[in-house]
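# Report on the structure
Residues per chain are reported as follows:
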Amino acid sequence: MTTLPSRLQLPPGDWPNLLDGLCARFPRIDRAQWQDRFARGRVQDAQGRALAADQHWQVGLEILYFREVSDEPSIPFSERILYQDEHLLVADKPHYLPVTPAGGYVRETLLARLVALTRNADLVPLHRLDRLTAGLVLFSQRADSRDAYQRLFRERRIDKTYEALAPALPGLAFPLQRLSRLVAGEPFFRMAEVPGEANARTRVEVIAADGAVWHYRLQPETGRKHQLRVHMAALGAPILGDDLYPQLQPAADPLQAPPLQLLARALAFQDPLSGERRAFSSERALQLPERR
């Protein structure tokens, strides 16, 4: 399988060259490995031309780099293609499978699997789901129509509905709206609520209130990283299986930990090309914990 490149827009920094900057940004990858990638042309500009390790660090420059992971774990769960036409592909992602290369995953990603299956190297995800979240992911099949669909997300003209299993909240009146300001927290991969003007909004409804665990419907009006997970934890009902919120949990075998009970259930929008109303729904289901 051909490995797809990762994209990075160079952030502000006072590094003298690409090699020093990439070593600082990705400290887990040693300098010799970056030097080897440059030597083999595995760091490129946006047009696919090889870059030199001593090239000046240019803020805003988009680069491509090919990630290489030894002993990449296999994800024994399958994606499903729910819909496909000339412009769009809708996939139903399982828990644990990353959408794009990240961390220790390069080939075992939804994007790489779909590119191999469809033989379409132009396939690009139009949005993201966390690796532990299951459900719908919308892909663009063609570069010439991609921006029309990306604008749906940028302009918030797409309705997204999630479902979650989380502890009961009998003391709150539903439906409710959670408003807060989310910023990068500590460690860097977590988000945190801070005082200030709200930049994240979520509507929360109850689908079923039975026992200690309730079934919730979550409709994000904004798309901040980990927004649903942070908002549910802040309400006092962290989503079952969440290893980041409200507290960071010790690292566990990624395939042995209980799956995060969060599902991207539905996507609906007015097609910008045909004008038709599109609506898609995941075929997956959340799993209540066994009662004892």
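Our structure's up above, just so we're on the same page.
In short, a report on the structure. Please read all numbers here as calculations on a predicted model, not as lab measurements.

Turning next to the nonpolar core. Within the largest apolar cluster, 32 residues are counted, with the highest numbers of intra-cluster contacts made by Phe 139, Tyr 216, Leu 218, Met 232 and Leu 262. Setting aside residues no more than four positions away along its own chain, Met 232 makes contact with Ala 166, Val 204, Tyr 216, Leu 218, Ala 237, Pro 238 and Ile 239. In terms of nonpolar packing, the next biggest core, distinct from the first, is built from 15 residues, Leu 8, Leu 10, Leu 22 and Leu 51 among them.

Here the focus is the packing of aromatic side chains. Applying the stated criterion across every chain, the model contains eleven aromatic pairs. Between the aromatic rings of Phe 26 and Tyr 65, the centroid separation amounts to 5.5 Å while the plane-to-plane angle is 50°, which identifies the pairing as tilted. With Phe 26 in the loop between helix H1 (18-25) and helix H2 (31-39) and Tyr 65 in strand E3 (residues 62-65), this pair connects stretches of sequence that are 39 residues apart. Taking 6.3 Å as the distance between ring centres and 40° as the angle between the ring planes, the aromatic pair formed by Phe 269 and Phe 280 counts as tilted. In this pair, Phe 269 sits in strand E13 (residues 262-270) while Phe 280 sits in strand E14 (residues 277-281), placing the two residues eleven residues apart along the sequence. Phe 269 sits in the buried class, given a relative accessible area of 0%. Feature note: the residues Phe 26, Trp 34 and Tyr 65 constitute an aromatic cluster, connected by ring pairs. The aromatic ring of Trp 34 is capped on one face by Arg 37, whose charged end is 4.7 Å from the ring centroid.

Conventions we followed
Residues numbered from 1 in each chain as written. Predicted model: local features only at pLDDT ≥ 70, side-chain atom pairs only at ≥ 80, totals over all residues. Heavy atoms only, no water. Core = buried A, V, L, I, M, F, W, Y, C linked by side-chain atoms within 4.5 Å. Buried < 20%, exposed > 50% of the residue type's maximum accessible area, 1.4 Å probe, protein only. Contact = heavy atoms within 4.5 Å. Phe/Tyr/Trp six-rings, centres within 6.5 Å; stacked < 30°, edge-to-face > 60°. Helix = DSSP H or I, 4+ residues; strand = E, 2+ residues; numbered from the N terminus. Lys NZ or Arg CZ within 6 Å of the ring centre and 35° of its normal.

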